[in-house]
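If you want the building blocks of each chain, they are given just below.
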Amino acid sequence: MARKFLVVADDSPEFAAALRFAARRARSTGGRVVMLRMLPDNTDAHWSGAREEIERQQREEAEALLNRLGEEAAERSGAAPVFLIEKGDAQGAIKKAVADDPEIKILVLAAGSGSRGPGPLVSAIIKHGAQLGSRKLPVTIVPGDLTEAELEDLA
């Protein structure tokens, strides 16, 4: 059973560090990267047709983003990544991904640097622990401002 490294594909500046680290770890351990992209919950769209069109466009954008980022992940890790797209909040999506795939062994997050703090997802994981659904999962938090050489050295 291959070890999978789960990375949350968000729009944060530190995401690139998390993806690069996860891909390098996957390569060095014979694992794979799982990229999770969340879609916002569009409950405020008043008409069914408009909501469906918004959701279709968001899904297309998420698929295009994952395909683009997936090329880098595949090149760095040596294996095609797994793409997941979930609606709702990040913690709920992570719990679902972990529950659905027992091969996901590590969650990789990158912490923001500077005065912004580590970021909302890292803060939530630190506050609530690594109990993600029905099982505990190790969490690797890498500094979001690591250079390519530092990532190579660590992974």
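Right above here is the structure, for reference.
Residues numbered from 1 in each chain as written. Predicted model: local features only at pLDDT ≥ 70, side-chain atom pairs only at ≥ 80, totals over all residues. Heavy atoms only, no water.

Chemist: I would appreciate a short explanation of the side chain of Arg 20 in the present structure.
Modeler: Within the secondary structure layout, Arg 20 lies in helix H1 (residues 15-29). We classify Arg 20 as buried; its relative accessible area is 14%. Here the side chain of Arg 20 touches Glu 148 through a polar contact of 3.2 Å, side chain to side chain. Beyond its immediate chain neighbours, meaning those up to four positions away, Arg 20 contacts Glu 72, Arg 76, Leu 146, Glu 148 and Leu 151. (Helix = DSSP H or I, 4+ residues; strand = E, 2+ residues; numbered from the N terminus. Buried < 20%, exposed > 50% of the residue type's maximum accessible area, 1.4 Å probe, protein only. Polar contact = N/O pair within 3.5 Å; in protein donor to acceptor, adjacent residues only side chain to side chain. Contact = heavy atoms within 4.5 Å.)

Chemist: Can you help me understand the pattern of salt bridges in this one?
Modeler: Side-chain pairs of opposite charge can arise where the charged atoms are in close proximity. For the coordinates displayed, the defined rule picks out 13 salt bridges. Across the pair Glu 53 and Arg 56 runs a salt bridge, and its minimum N-O distance is 2.5 Å. On the criterion of helical spacing, the pair formed by Glu 53 and Arg 56 is a turn pair, its members being three residues apart in helix H2 (residues 48-77). For Glu 53, a relative accessible area of 32% corresponds to the partly exposed category. Since its relative accessible area comes to 37%, Arg 56 is described here as partly exposed. Its salt-bridge partner being Glu 55, residue Lys 87 comes within 3.1 Å of it at the nearest N-O pair. Here the residue Lys 87 occupies a position in strand E3 (residues 82-87), and Glu 55 occupies one in helix H2, the gap between them amounting to 32 residues. (Salt bridge = Lys/Arg side-chain N within 4 Å of Asp/Glu carboxyl O.)

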